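Secondary and tertiary structure notes
Here is what each chain is made of, one letter per residue.
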Amino acid sequence: INAEYMGAEDLHALFSKFCAFGNKGAAPEMDNSKFAKFCRDCKLLDKKFTATDADLIFAKSKGPGQRKLQYAEFEAKALPQVAAKKGVSVEQLIAMATGVGGPSSSGTKADAVKFHDDKSLYTGVYANGGPTNVDKDKITLSGLVSDHDALTGDVRGIVRH
């Protein structure tokens, strides 16, 4: 594929976005999971081109002994194979891919939980702010010694006058 077509820069930017997705910082190479995400997010998967096909194409496109795809391999080997499998031209495939703009993230969102979210419904210890590991009336040895009643009691702590 020559870089004369319109989407060459867009394709390289898209490749970089998918490589960096989920990582802290830019990654120059694409692993198998990122390639599968590229195929899913760009809506390339269908009856002609399945997720298994994507895995096989990834394995064929990377260099021997390598675990990741370089951009040159992605552009020269993987995309033509995907296009052939889908029965479209490479330019059509690139147009489909660059139209997406980048990877999508759809994290789960928690439902509202009445007894958790509404603090006025809290009961017990939690109604008063929750448990604490700081004792209010901490018992110290000096406090016990200065407490005369504690010293005058019998074994059971009962004070008799």
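Just so it is clear, the structure is predicted and the values come from calculations on it, not from any experiment.

1. Focus: the overall build of the protein chain
Counting secondary structure elements, the protein chain contains eight helices and zero strands. Scanning the protein chain from its N terminus toward the C terminus, one meets helices and strands in the order α-α-α-α-α-α-α-α. Looking at the protein chain as a whole, 26% of its 161 residues are labelled buried. Pairs at least 24 residues apart make up 54% of the contacts formed inside the protein chain by residues separated by at least 6 positions.

2. Quick notes on the confidence of the model for the protein chain
Looking at the protein chain as a whole, its pLDDT mean stands at 82, while 85% of the residues score no less than 70. When mean pLDDT is taken per element in the protein chain, helix H3 (residues 51-61) scores highest with 94 and helix H8 (residues 148-152) scores lowest with 59.

3. A few points about the pattern of salt bridges
One pass over the full model with this rule turns up three salt bridges. Here lysine 37 makes a salt bridge to aspartate 41, at a shortest N to O gap of 2.9 Å. Within this pair, lysine 37 and its partner aspartate 41 are both found in helix H2 (residues 32-41), separated by four residues, close to a single helical turn. Each member of the pair, lysine 37 together with aspartate 41, is buried.

4. Notes on the state of the cysteines
Applying the stated rule across the entire model yields zero disulfides. A disulfide-free cysteine, cysteine 39 has its sulfur positioned 7.6 Å from the sulfur of cysteine 42, the nearest such atom. Residue class for cysteine 39 comes out buried when judged on its relative accessible area of 1%.

5. What about the side chain of serine 61?
Position of serine 61 among the secondary structure elements: in helix H3. Polar contacts involving the side chain of serine 61 include one to the main-chain carbonyl oxygen of isoleucine 57, which spans 2.7 Å.

6. Quick word on H2
Spacing of three or four residues puts side chains on the same side of an α-helix, whose turn is 3.6 residues. Among the ten residues of H2, seven are classified as buried, and the element is accordingly described as predominantly covered. Burial in H2 covers these residues: Lys34, Phe35, Ala36, Lys37, Phe38, Cys39 and Asp41. Residues of H2 that are buried sit in contact with helix H1 (8-20), H3, helix H4 (71-86) and helix H5 (90-98). In the stretch just after H2, lysine 43 is the one whose phi turns positive, near 60 degrees.

7. Quick word on the nonpolar core
Nonpolar side chains tend toward joint burial in soluble globular proteins. Membership of the largest hydrophobic core comes to 27 residues, with the highest contact counts inside it found for Met30, Phe35, Phe38, Leu44 and Phe74. Breaking this core down by element, the ones donating at least two residues are H1, H2, H3, H4 and H5. Counting residues per element, this core draws most heavily on H4, which supplies six residues. Look past the residues within four positions of phenylalanine 35 in its chain and what remains in contact with it is Met30, Ala54, Ile57, Phe58, Leu69, Phe74, Ala78 and Val82.

Cut-offs applied
- Residues numbered from 1 in each chain as written.
- Predicted model: local features only at pLDDT ≥ 70, side-chain atom pairs only at ≥ 80, totals over all residues.
- Heavy atoms only, no water.
- Helix = DSSP H or I, 4+ residues; strand = E, 2+ residues; numbered from the N terminus.
- Buried < 20%, exposed > 50% of the residue type's maximum accessible area, 1.4 Å probe, protein only.
- Contact = heavy atoms within 4.5 Å.
- pLDDT = per-residue confidence, 0-100.
- Salt bridge = Lys/Arg side-chain N within 4 Å of Asp/Glu carboxyl O.
- Disulfide = S-S within 2.5 Å.
- Polar contact = N/O pair within 3.5 Å; in protein donor to acceptor, adjacent residues only side chain to side chain.
- Core = buried A, V, L, I, M, F, W, Y, C linked by side-chain atoms within 4.5 Å.

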